[in-house]
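Okay, here's what each chain looks like letter by letter:
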Amino acid sequence: MDSTDEFLGELPLPPHVTAEDATFAVKAVTVHVAKQWPDGLRCRNDRAPHPCRLHRWGRRVLDLRGLTDRQIRTLLAEQNAPQP
Ligand SMILES: [Zn+2]
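Owing to the predicted nature of the structure, the values given are computational and were not obtained by experimental measurement. (Residues numbered from 1 in each chain as written. Predicted model: local features only at pLDDT ≥ 70, side-chain atom pairs only at ≥ 80, totals over all residues. Heavy atoms only, no water.)

(A) Focus on the side chain of Asp21. Its location among the elements puts Asp21 in helix α2 (residues 19–31). Contacts of Asp21, omitting those with residues within four sequence positions, involve Pro14, His16, Trp57 and Val61. (Helix = DSSP H or I, 4+ residues; strand = E, 2+ residues; numbered from the N terminus. Contact = heavy atoms within 4.5 Å.)

Rendered as structure tokens:
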């Protein structure tokens, strides 16, 4: 556990998860992906130990939204697809 993580704790979740929150969550999970660093798995974006706070926040929002892993993967694929 990172010391900054301990100090700041978890990010607050929105009281009602909207479609917009879910979009932000998908972005957070997409940007804050695991990357292999010499000292282990860390966030590609902020180099915090993976899963970092934003990644965990994104996953919790998507859970609250009631999305299955499969639906999340579909959203991630859409997010990563080239825009028309
Ligand atoms: Zn991160």
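(B) Representation of the coordination of the zinc ion within the structure. Bound to the zinc ion are the protein donor atoms His32 (ND1), Cys43 (SG), Asp46 (OD) and Cys52 (SG), situated 1.9 to 2.3 Å from the metal. Classification of the site at the zinc ion rests on its four donor atoms, whose angles at the metal span 98 to 117°, yielding the label tetrahedral. Site description for the zinc ion: donor spacing in sequence, H-x10-C-x2-D-x5-C. Residue His32 is found in the loop between α2 and β1 (34–37), and its partner Cys43 is found in strand β2 (residues 40–43); the two are separated by eleven residues along the sequence. In terms of burial, His32 and Cys43 fall into one category: buried. (Donors = N, O, S within 2.8 Å, 3.2 Å for Na, K, Ca; no water. Tetrahedral: all angles 85-135°; square planar, octahedral: opposite > 155°, others 65-115°. Buried < 20%, exposed > 50% of the residue type's maximum accessible area, 1.4 Å probe, protein only.)

(C) Representation of the pairing of β2 within the structure. Bridging between β1 and β2 involves four bridges; their strand directions are antiparallel. Residue pairing in the sheet places Gln36 in a bridge with Leu41 of β2. (Pairing = 2+ DSSP bridges.)

(D) Spotlight on the nonpolar core. Counting twelve residues, the largest nonpolar core is built from Val17, Ala22, Ala25, Val26, Ala28, Val29, Trp57, Val61, Leu62, Leu67, Ile72 and Leu76. Listed by contribution, the elements that provide at least two residues to this core are α2, α3 (53–64) and α4 (69–80). Per-element accounting of this core gives the leading share, five residues, to α2. When near neighbours in sequence (up to four residues on either side) are disregarded, Val61 contacts Leu13, Pro14, Val17, Asp21, Ala22 and Ala25. (Core = buried A, V, L, I, M, F, W, Y, C linked by side-chain atoms within 4.5 Å.)

(E) Seen up close, the packing of aromatic side chains. Taken as a whole and judged by the stated rule, the model has zero aromatic pairs. Across from the ring centre of Trp37, 4.5 Å away, lies the NZ or CZ of Lys35, which sits over that ring. Here Arg47 stacks its cationic end above the ring of Trp37, 3.7 Å away from the centre of that ring. (Phe/Tyr/Trp six-rings, centres within 6.5 Å; stacked < 30°, edge-to-face > 60°. Lys NZ or Arg CZ within 6 Å of the ring centre and 35° of its normal.)

(F) Region of the structure containing unusual backbone geometry. The omega angle of the peptide bond from His50 to Pro51 is -5°, so this bond is cis rather than trans. Along the chain, Pro51 turns up in the loop between β2 and α3. In this model, Arg47 sits at a positive phi of 65°, which is unusual for a non-glycine residue.

(G) Seen up close, the packing of α2 against α3. Between α2 and α3, the shortest axis-to-axis distance is 8 Å and the interhelical angle comes to 140°. One way to sum up the angle between α2 and α3 is to call them oblique. Between α2 and α3 the crossing geometry is left-handed. Across the interface between the two elements, Asp21, Ala22, Phe24, Ala25, Val26, Ala28 and Val29 from α2 touch Leu54, His55, Trp57, Gly58, Arg59, Val61 and Leu62 from α3. For the contact of α2 with α3, the residue count by class is ten nonpolar, two polar and two charged. (Axes fitted to C-alpha atoms, helices over the stretch in contact; angles between N-to-C directions. Parallel < 35°, antiparallel > 145°, perpendicular 65-115°, else oblique. Left-handed = near helix turned anticlockwise from the far one by under 90°. Nonpolar A, V, L, I, M, F, W, Y, C, P; charged D, E, K, R; others polar.)

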